[in-house]
Amino acid sequence: MTSRLSRRQRRRISQGIQYALFVAALVLVGVLADWDRLQNQFAQKDLAAELFPDIITTALRNTVVYTLSGFVFGLVLGLLIALMRLSSVAPYRWVASVYIEFFRGLPALLIFIFVGVAVPLAFPGTEIPGGTYGKVALGLGLVAAAYMAETIRAGIQAVPKGQMEAARSLGFSHARAMVSVIIPQAFRIVIPPLTNELVLLFKDSSLVLFLGVTLEERELTKFGRDLASQTANSTPILVAGLCYLIVTVPLSFVVRRLEARADKAK
Amino acid sequence: MPQPEIEIRGLHKSFGDNHVLRGIDLEVARGDVVCVIGPSGSGKSTLLRCVNLLEEPSEGQVFVGGTEVTDIEVDIDAVRRRIGMVFQQFNLFPHVTVTENLTLPQRRVLGRGKSEAAKVARENLERVGLADKADAYPAQLSGGQQQRVAIARALSMGPEVMLFDEPTSALDPELVGDVLAVMRVLASEGMTMMVVTHEMSFAREVADRVVFMDGGVIVEEGPAAQVVGDPRHPRTRHFLDRILDPSAAEAPGPEAGGPAAG
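Residues numbered from 1 in each chain as written. Chains lettered and ligands numbered in written order. Predicted model: local features only at pLDDT ≥ 70, side-chain atom pairs only at ≥ 80, totals over all residues. Heavy atoms only, no water.

### Looking at the overall build of chain A
Alright, step 1. Within chain A, the regular secondary structure consists of 11 helices and 0 strands.
Alright, step 2. Mapped in sequence order, the helices and strands of chain A form the string α-α-α-α-α-α-α-α-α-α-α.
Alright, step 3. As displayed, chain A offers around 15,800 Å² of accessible surface, 65% of which is attributable to carbon and sulfur atoms.
Alright, step 4. Side chains of chain A give 27 positive and 17 negative charges; the mean places of these two sets differ by 17 Å. (Helix = DSSP H or I, 4+ residues; strand = E, 2+ residues; numbered from the N terminus. Areas by Shrake-Rupley, 256 points an atom, 1.4 Å probe, with all protein chains shown as cover. Lys, Arg positive; Asp, Glu negative; His and termini not counted. Charge placed at Lys NZ, Arg CZ, Asp CG, Glu CD.)

See the structure below:
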């Protein structure tokens, strides 16, 4: 039996119901939440004002430094692992595969605890250069390298085979062709996903919390949490969260722009 | 008799079970232009790619300028510097300008200085008539222009031999002529050239010798006028009939192969 409504009419009704449910859910949350208490706990203007300028000059600055040092270390290590993964030498490929699976399969938090505890145990008397900054670069970089290695490998493989052939036929060695011809093109391809990785790292830098840091080394999350317990109010958490968004939202926007441009270039 | 510039002896190449080259013997004298023709899948591109070892021969020897390319001790990068290669898909480096396409290999491979590399690049761009495109990126050029830049790039390395792998097959018909004109000038200047092509008029006019390949062997070779104009072997004749007048080909039956190669 066929319905008397046309297909388009049925679709319109179904969409109308979905939309009504969506609005109802929003209104329900808005009405039921106790806004006064929320504001009291999270949005005290005078408390928020007291956070400045430290939250920017110390906390946000440290978050940025941790992120960038982890990113740079991860990028170098990731490139190395990507090249090992593509090597004609089988043991290199195995090591690279194991590394990637290992570090992608573990929570970043565990890696951080491991770096904080195991490295001093394994190499007694030696300090990771750079103190906390070195530890964070190591912890963030080890994890990021695993993800970036896969991204970079895909980028290298996306460079047409003819590019390597042309370079080799001009007399480039394999290594030179990689450095001068293939990798520069691969990086153009992987800039959007690598920027995405930067956003993820920016948030993961909050794991520094578990390394034990001095007052000057605190980043946004630790800073926010410490001040929240000092003031017995969660406003610092909210402000810290806004500080993350100030950086991550524009970065995400840049990623989308880059991706759109890459799509157009195809 | 002087030593040939390219000498191929008993060359075999297999990809797994696919026996693509089944015993090729060929010599190219210095300054000669040899065109290799044949249906697709006949192994002519593979033969060319074995000359500079882009493909590793399964068996046999290849000599270029007296050096055995197939010797496992040979410095293949050094040998390849003396062999220019032009590809069907141009393979220009898209991330750098036309000039940098020409200077990058000179500087990285030959160790030439910046100004010398730039000078050689300019000369070779003038040679292919594209001096005005020096600062363009490859993507801004037509296919024919890209292929001429690719030729100039190979020439900038000062090769003794040039290999062309279907250099005009990826081009729109109206752009083929410019590329062939550059190749004609190169031939008249005495460059040793091995050209895999479907351009029969180019083969007839420019080649000293034409080699017809089918099924991984050389079926017929000889002076261009004879192989193209008056082929002896029926397979050569059949191939040429199809390529010179594709519309006359019969619908593929149980005996015939695929569509006319093109």
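### So, the nonpolar core
Buried together is how nonpolar side chains tend to be arranged in soluble globular proteins.
All names here are of chain B.
Alright, step 1. One finds Ile8, Leu47, Leu163 and Met194 to be the most contacted residues of the largest nonpolar core, which totals 84 residues.
Alright, step 2. If we ignore the near neighbours within four places in the chain, the residues touching leucine 47 are Ile8, Leu11, Leu21, Ile24, Leu26, Met194 and Met213.
Alright, step 3. With 48 residues, the next largest nonpolar core counts Leu92, Val98, Leu125 and Ile243 among its residues. (Core = buried A, V, L, I, M, F, W, Y, C linked by side-chain atoms within 4.5 Å. Buried < 20%, exposed > 50% of the residue type's maximum accessible area, 1.4 Å probe, protein only. Contact = heavy atoms within 4.5 Å.)

### Concerning the packing of aromatic side chains
Alright, step 1. Tallied over the full model, the rule gives 6 aromatic pairs over all chains.
Alright, step 2. Aromatic pair phenylalanine 102 of chain A and phenylalanine 103 of chain A: ring centres 5.1 Å apart, planes at 80°, arrangement edge-to-face.
Alright, step 3. With 5.3 Å between their ring centres and 40° between their planes, phenylalanine 212 of chain B and phenylalanine 239 of chain B make a pair best called tilted. With phenylalanine 212 of chain B in strand β9 (residues 209-214) and phenylalanine 239 of chain B in helix α9 (residues 234-244), the pair connects residues that are 27 residues apart, well separated along the chain.
Alright, step 4. Overall, the relative accessible area of 6% leaves phenylalanine 239 of chain B in the buried class. (Phe/Tyr/Trp six-rings, centres within 6.5 Å; stacked < 30°, edge-to-face > 60°.)

### Focus: the state of the cysteines
What is meant by a disulfide is a covalent connection between two cysteines, made through their sulfur atoms.
Alright, step 1. Applying the stated criterion across every chain, the model contains 0 disulfides over all chains.
Alright, step 2. No disulfide involves cysteine 35 of chain B; its sulfur sits 19 Å from the nearest other cysteine sulfur, which is in cysteine 50 of chain B. (Disulfide = S-S within 2.5 Å.)

### Re the confidence of the model for chain B
Residue and element names in this part refer to chain B.
Alright, step 1. Confidence in the prediction for chain B averages 92 pLDDT; 95% of positions are at 70 or higher.
Alright, step 2. Under a pLDDT of 50 for its full length, residues 256-262 has, in the predicted model, 11 contacts with residues more than four places off or in other chains.
Alright, step 3. Under the prediction, the complex receives an ipTM of 0.90, its pTM being 0.83. (pLDDT = per-residue confidence, 0-100.)

### Description of empty space enclosed by the protein
All names here are of chain B.
Alright, step 1. Tallying each qualifying case throughout the model produces 1 cavity of 30 Å³ or more.
Alright, step 2. Volume-wise, the largest cavity comes out at about 50 Å³.
Alright, step 3. Those elements giving two or more residues to the lining of the largest cavity turn out to be α2 (76-81) and β6 (83-86).
Alright, step 4. Here the lining of the largest cavity gets 3 residues from one element, more than from any other, and that element is β6.
Alright, step 5. Its residues placed into classes, the lining of the largest cavity shows 6 nonpolar, 2 polar and 2 charged. (1 Å grid on protein atoms, 1.4 Å probe; cavity = no way out; pocket = protein on both sides within 12 Å on 5 of 7 lines; lining within 4 Å. Points joined across faces, edges and corners; volume = space filled by probe spheres on them. Nonpolar A, V, L, I, M, F, W, Y, C, P; charged D, E, K, R; others polar.)

### Comments concerning the environment of isoleucine 183 of chain A
Residue and element names in this part refer to chain A.
Alright, step 1. Secondary-structure assignment places isoleucine 183 in helix α9 (residues 174-204).
Alright, step 2. Measuring from C-alpha to C-alpha, the distance between isoleucine 183 and glycine 155 comes to 8.4 Å, with 28 residues separating the pair along the chain.
Alright, step 3. In this structure, isoleucine 183 is in contact with Leu79, Leu83 and Met178, ignoring residues within four places of it in sequence.

### Describing the sheet that holds strand β4 (residues 59-64) of chain B
All names here are of chain B.
Alright, step 1. A sheet is described by the order of its strands in space; here 4 strands give the open sequence β2-β1-β4-β5, paired in antiparallel fashion. The open sheet has two edge strands, β2 (18-28) and β5 (67-68), and neither has a second partner.
Alright, step 2. Where strand β1 (residues 6-15) and β2 come together, 8 bridges link them in antiparallel fashion. Its bridge partner being in β2, lysine 13 is matched across the sheet by leucine 21.
Alright, step 3. Against the sheet, helix α1 (residues 44-51) engages β1, β2 and β4, with an angle of about 120° to β1. (Pairing = 2+ DSSP bridges. Axes fitted to C-alpha atoms, helices over the stretch in contact; angles between N-to-C directions.)

### Overview of the confidence of the model for chain A
Alright, step 1. Predicted confidence across chain A gives a mean pLDDT of 90, with 98% of residues reaching 70 or more.
Alright, step 2. Mean pLDDT across the elements of chain A bottoms out in helix α6 (residues 108-122) of chain A (83) and peaks in helix α8 (residues 161-169) of chain A (97).

### Focus on the pairing of strand β7 (residues 161-165) of chain B
The side chains of a regular strand alternate between the sheet's two faces.
Residue and element names in this part refer to chain B.
Alright, step 1. With respect to burial, β7 is a largely interior element, 5 of its 5 residues being buried.
Alright, step 2. With burial as the criterion, each face of β7 is covered, one bearing Val161, Leu163 and Asp165 and the other bearing Met162 and Phe164.
Alright, step 3. The pairing of β6 with β7 spans 4 bridges and is parallel. Residue pairing in the sheet places isoleucine 83 in a bridge with valine 161 of β7.
Alright, step 4. After leaving β7, the chain enters helix α6 (residues 173-188) and then returns to the sheet as strand β8 (residues 192-196), a path that is right-handed. (Right-handed = clockwise from strand over helix to strand, strands pointing away.)

### Considering the pattern of salt bridges
Alright, step 1. Here the structure, examined in full by the defined rule, presents 21 salt bridges over all chains.
Alright, step 2. Between glutamate 55 of chain B and arginine 49 of chain B there is a salt bridge, with its nearest N and O atoms 3.0 Å apart. The pair glutamate 55 of chain B / arginine 49 of chain B is uniform in exposure class, with both members buried.
Alright, step 3. Measuring nitrogen to oxygen at the nearest pair gives 3.8 Å for the salt bridge that ties arginine 112 of chain B to glutamate 116 of chain B.
Alright, step 4. The network of salt bridges with common partners includes Lys161 and Glu165 of chain A together with Arg49 and Glu55 of chain B. (Salt bridge = Lys/Arg side-chain N within 4 Å of Asp/Glu carboxyl O.)

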